[in-house]
Each structure stands twice: as C-alpha cells, then as structure tokens.
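Listed here are the chains, written in short residue letters.
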Amino acid sequence: MSLKADVVVCGAGIAGVATAYHLSVKRGVRKVVLVDPRPPLTLTSDKSTECYRNWWPNAPMVGLMNRSIDLLEEMARESDNAFHLSRQGYLYVTASSDRLRDMEDEGISISNLGAGELRRHPGVSEYQSPSVPGRPEGADLFLEGDELRRFYPFLTEQAVGGIHARRAGWFSAQQLGAWMIERALQHGLEIVKASVSRVFLQAGTVGRVLLDSGQEIATPIFVNAAGPMLAQVGRLLEVELPVFSEVHIKVAFRDHLRVIPRHSPMVIWSDPQSLSWSEAEVEALQSESRTDLLGAMPAACHYRPEGGPESDWLVALWEYHRLIQEPTWPLPDDPVYPEAVMRGLTTMVPGLAVYLDRLPQPVVDGGYYTKTRENRPLVGPLGVDGAFVVGAFSGFGVMAAAAAGELAAMYVTNADLPVYATAFALSRYKDPGYLAEIDTITNTGQI
C-alpha cells in the first residue's frame, strides 16, 4: 500500500513534532506524515533537564531562543499552560573571583546581544526573587557572596557571587509535544510507526520514501529530524552531516528533607571541582578503574526542582564523562553516577550532604546530545532538492524546537527567513571564514 504526502518528516522527537506542527497548523500544509518506529518523544527529547533560556554567548542563538521562548509563551497561553512552562531561571554560581569577573564581562556582552538588561546587586535596583510574581527579563549579577546568600541561604559560603538569567526556566517536553501533535492531527497530520529505509530521487529531487514495513510514501519533500540518528538518515541521501553524539545521563531523587526550596532556580556550579572521598573509597575506585572520579572534574554540576509546589523531587545532571560514541541502546551503565552527582551538588549546596550516608532511591535516565563541533543546530536545506534537516540540538532541543521547527517549515514553504537563519544552515560549512572562526571558539554555550 502506498501513501501520498506533501511532506514526510522523519523523526517524532521534539524537533520533528515541532516541524510537523508548524507545517500543518501554522503553514497550512495539508498532508504531513510523521514517521518514527517509536511513540513520539520517547527516545531522547525528555532525557534532559527540559529547560530553556535566552542567555547565550552569540547573536544567532540569542535570536533563535528569543523567538522560541516567544512561541513557548504563546503556546502556554493558548493551551492554558498544559506543559507547565515555568520562569524560575538559571542561576550560575562561582567560588572564583576571576570567574565572577568573567561572568560580568559575559553578561554585558550577552545583554548587548538582545538577551535583556543586566542588573548588578548590590546596586540601584532590588533583586526580585523567583518566588514573587512579575519576573523580570535579562539577568541579575550578584557581586557579593553575602548578597547571593541573602536570597539563597542554602548555597555554600564559598560562593563569591553568580548570575541569574531570568528569561529561563523549564517545562514538560512530553506534554508540549502531545499538545502540538493534537493540534496537528486536527489539521491533517498522519503518524506512521515505521523506520525510513530509503529515500528515492526522481530527476535529482526527492520523489518517494520507502519504509521498513514495505510501505512507500510518494512525496516531494523529506525532512530529516532524526535526532541521534541524524547522520544515519542523512546517508540515505548520500549527505554526510558534521555531527557527533555524546552520552548524557540525568538522575532524579526525592529531597524529602526539603533542603532546597521549591522556588529555587536551576542552579549550576560554574567551577571545576574535586570530590571528597575517604581513603577506603579512593582505594575502591582505583581498584574499579574509576580514576575519572578522582582529581579535577569539570564544571556545570547542576540541579532543578521537579514538579509542583507539593513535590519534593529534584533532577540533577553532571556530564563528567564526555563520552562520544555512535548512538546505541541501552546506554552505558555507570553505577556510581547518582552518588557522584550528589557529592558534586554538595559543593554548592552543603545541606545535601545529609543524604550521603544513605542516598535517596535514584531514578536514572538519559540519552544522547547530538551536536555540531561549534554546538549550533542544523536547520535548512540538505543540498538535495526537496530535502531538509532540523537537528543537532545538543542539550538545547526542547528550548530551541519551537523556533527551529518554525524555521524548517519556513524553508519548506519558501517563506521569508529570519536574520538568524543562515547561522544554522548546512551551507555555513562552505564558508572558509566561518570554518576559521570555529577554531577560535572556546565557549560553546552548552551550559
């Protein structure tokens, strides 16, 4: 049996769902088919902290994220906030005076890129806690540790300051995706549970798609939104995409003692650190070849509250592995991960040490961050007539998907493109100047 479609979208993660939504609901494409062997948003899209922010170190990402957050806020209003969009922000904390000065310089630069006003504390304006209504945009820079702890007394006395990005928070990727799918189904979207086996060209342009079920779909447009399988699907069109995948794990646990208040932002420890182990624990780790947990470890151990005001769950991540590999399942197992993350969190929240003797039962999950070398997404034509890509969302897929799906739909329907479009097109790698610029990048904006 064969189908006909105006567009086939390969991949029902948040990128594919957002693209299908914009094509069907916002762009009026009558017959969009979304193809994936798994139920929507079950492979990778809900495996991160499910957060968002507009605080990025370059203009294209600020522009993309500002637009994406505009769309998220619009969908939250339209859906009566069915996906629980929050606005508690990202709080980057440091124990280094040098790092704090860098934060101030970075804050000035990012503010000038369009991310909002940078306010200093103590200063002329009073800091507004995320626990009160009417949250500001921009960011708040804490120039003193005491001023920071006045609002967040659970933070370590070693902290000398930090920066709180305010147009930021988190939401449920699953529920956002379900809402977009429901709307798209009402506008003619069809979902097919299958894998794409081949993409056939006719006179050099996309003509039909073969599924592993044997079914064929005649279509002039194919969108590769395959998430961790982005490179594999690209090869069906003989296109090599410059992406790789990192394993990323998250852990959830119950903070039943309420060490961390529910109004807390997501808090990120911005410094490298070393974990404190007993002599016996060091010997055990050495005997198990776990020297990766000894000595200096990377920055960016972080957590956020999960659930509503009555919940006591926290979600935490610390990607100290940097394990790059071809996506395979199940993910590599790290039995020490929950304890290592908890120990890392105690560096910035000493009160969590109460759990070290008896760790709360953890829930461990994870997936792959598929990224480009400079950690910007790929959205636009694939270099084959009728073929497009939307992916390489690294750790920012759920926050970028609304605007990236819109951008992919704009390309498909030949609409006028926003100013940031060229920064994410595959064609950027044909620019020698851009390739040279990549070599100078030291801050990828990952966290």
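Up top is the structure these notes are about.
Predicted model, so just to flag it, every value in this text is computed and none were measured.

The rules behind the values
Residues numbered from 1 in each chain as written. Predicted model: local features only at pLDDT ≥ 70, side-chain atom pairs only at ≥ 80, totals over all residues. Heavy atoms only, no water. Helix = DSSP H or I, 4+ residues; strand = E, 2+ residues; numbered from the N terminus. Rg over C-alpha atoms; globule rule 2.2 N^0.38 Å. Contact = heavy atoms within 4.5 Å. Pairing = 2+ DSSP bridges. Axes fitted to C-alpha atoms, helices over the stretch in contact; angles between N-to-C directions. Parallel < 35°, antiparallel > 145°, perpendicular 65-115°, else oblique. Nonpolar A, V, L, I, M, F, W, Y, C, P; charged D, E, K, R; others polar. Left-handed = near helix turned anticlockwise from the far one by under 90°. Salt bridge = Lys/Arg side-chain N within 4 Å of Asp/Glu carboxyl O. Core = buried A, V, L, I, M, F, W, Y, C linked by side-chain atoms within 4.5 Å. Buried < 20%, exposed > 50% of the residue type's maximum accessible area, 1.4 Å probe, protein only. Expected span 1.5 Å × (residues − 1). Phe/Tyr/Trp six-rings, centres within 6.5 Å; stacked < 30°, edge-to-face > 60°. Polar contact = N/O pair within 3.5 Å; in protein donor to acceptor, adjacent residues only side chain to side chain.

Asker: So what's going on with the overall build of the protein? Residues and values would help.
Answerer: For the protein, the helix and strand inventory stands at 10 helices and 21 strands. Relative to a compact globule of 447 residues, whose C-alpha radius of gyration would be 22 Å, the protein shows 22 Å and is just as compact. Its C-alpha atoms put the protein at 65 × 55 × 50 Å along the principal axes. Once local pairs closer than 6 in sequence are excluded, the contacts in the protein between residues at least 24 apart make up 72%.

Asker: So what's going on with the sheet that holds strand S1 (residues 2-4)? Residues and values would help.
Answerer: If you walk across this open sheet you meet the four strands as S1-S13-S12-S11, and the pairing is mixed. A single partner strand is all that each edge strand has here, and the edge strands are S1 and strand S11 (196-202). Adjacent strand axes in the sheet meet at a mean angle of 25° when their direction is disregarded. Direction of pairing for strand S12 (residues 205-211) relative to strand S13 (residues 216-218): antiparallel, over a ladder of three bridges. Bridge pairing in S13 places Val209 opposite Ile217.

Asker: If you had to explain the packing of helix H2 (residues 59-78) against helix H9 (residues 397-412) to someone new, which residues and values would you point to?
Answerer: Close contact between H2 and H9 brings their axes to 7 Å; oriented N to C, the two are set at 95°. Between H2 and H9, the angle is such that the two are roughly perpendicular. Two secondary-structure elements touch here, H2 through Leu64, Met65, Arg67, Ser68, Leu71, Leu72 and Met75 and H9 through Met399, Ala400, Ala401, Ala402, Ala403, Ala404 and Glu406. Considered class by class, the residues forming the contact of H2 with H9 number 11 nonpolar, one polar and two charged.

Asker: How would you sum up the packing of helix H1 (residues 14-26) against H9? Please name residues and give values.
Answerer: When two helices pack together, their arrangement is given by the angle between their axes and by how far apart the axes lie. Viewed as axis vectors pointing N to C, H1 and H9 meet at an angle of 45°, and their least axial separation amounts to 7 Å. It follows that H1 is oblique to H9 by the angle criterion. Two packed elements cross with a definite hand, and for H1 against H9 that hand is right-handed. Residues Ile14, Ala15, Ala18, Thr19, His22 and Leu23 of H1 form the contact with H9, whose own contacting residues are Gly397, Val398, Ala401, Ala402, Gly405, Glu406, Ala408, Ala409 and Val412.

Asker: Go over the pattern of salt bridges with me, naming the residues and quoting the values.
Answerer: Tallied over the full model, the rule gives 30 salt bridges. When the shortest N-O distance is used, the salt bridge between Lys371 and Glu246 registers 3.4 Å. Linking Lys371 in strand S19 (residues 363-372) with Glu246 in strand S15 (residues 243-254), this pair joins segments that are 125 residues apart in sequence. Beyond isolated ion pairs, a larger network of salt bridges with shared partners links Asp70, Glu73, Arg87, Glu137 and Arg167.

Asker: Outline the nonpolar core, listing residues and values.
Answerer: Counting 79 residues, the largest nonpolar core has Met75, Tyr90, Met180 and Val390 as the members making the most contacts within it. It is H9 that contributes the most residues to this core, 12 residues altogether. Setting aside residues no more than four positions away along its own chain, Met180 makes contact with Ile14, Val17, Ala18, Tyr21 and Met75. Residues Phe142, Phe151, Val247 and Leu275 belong to the second largest nonpolar core, which totals 44 residues.

Asker: Lay out helix H8 (residues 337-348) with the relevant residues and their values.
Answerer: Each turn of an α-helix holds 3.6 residues, which means side chains three or four residues apart point in the same direction. For H8, which comprises 12 residues, the first-to-last C-alpha distance of 18 Å matches the rise-based estimate of 16 Å (1.5 Å per residue) to within 8%. Counting buried positions over the 12 residues of H8 gives 10, a clear majority of the element. Those residues of H8 that sit buried are Tyr337, Pro338, Ala340, Val341, Met342, Arg343, Gly344, Leu345, Thr346 and Met348. Buried positions along H8 lie against S15, strand S16 (266-269), helix H7 (279-287), strand S17 (301-306), strand S18 (313-317) and S19.

Asker: Tell me about the sheet that holds strand S3 (residues 32-35), residues and numbers included.
Answerer: The sheet built from six strands is open, its strands ordered S10-S3-S2-S14-S21-S20 with mixed pairing. Looking at the sheet topology across the chains shown, the edges are occupied by strand S10 (190-192) and strand S20 (378-381). Each strand axis lies, on average, 20° off the axis of its neighbour in the sheet, ignoring direction. With three bridges connecting them, S3 and S10 associate as parallel partners. Of the residues in S10, the one forming a bridge with Val35 is Val192. Contacts from H9 reach strand S2 (7-10), strand S14 (222-224), S20 and strand S21 (387-391) within the one sheet, and its direction differs from that of S20 by about 10°.

Asker: Summarise the packing of aromatic side chains; cite the residues concerned and give the values.
Answerer: If you walk through the whole model with that rule in mind, you get 17 aromatic pairs. Their ring planes at 65° and their centres at 4.6 Å tell us that Tyr127 and Phe151 sit as a pair that is edge-to-face. Of this pair, Tyr127 sits in the loop between strand S6 (118-121) and strand S7 (139-142) while Phe151 sits in helix H4 (residues 145-151), and the two are 24 residues apart along the sequence. The exposure class assigned to Phe151 is buried, which follows from its relative accessible area of 19%.

Asker: I'd love a proper account of the side chain of Thr346, names of residues and values included.
Answerer: On the secondary structure map, Thr346 appears in helix H8. A polar atom in the side chain of Thr346 sits 2.6 Å from the backbone oxygen of Arg343. Contact partners of Thr346, with chain neighbours within four places excluded, come to Leu352, Ala353 and Leu356.

Asker: Which residues make up unusual backbone geometry, and what values do they have?
Answerer: Going from His121 to Pro122, the amide bond is cis rather than trans, its omega being 0°. Mapped onto the elements, Pro122 comes out in the loop between S6 and S7. Following Trp329, the chain continues to Pro330 via a peptide bond in cis, the omega torsion being 0°. Along the chain, Pro330 falls in the loop between S18 and H8. Positive phi, close to 60°, is recorded for Asp80, a residue that is not glycine. Note that Asp80 resides in the loop between H2 and strand S5 (90-94). Using a relative accessible area of 70% as the deciding quantity, one classes Asp80 as exposed. A positive phi angle is found at His84, which is not glycine, with a value near 60°.

Nothing here speaks to function; it is all geometry.
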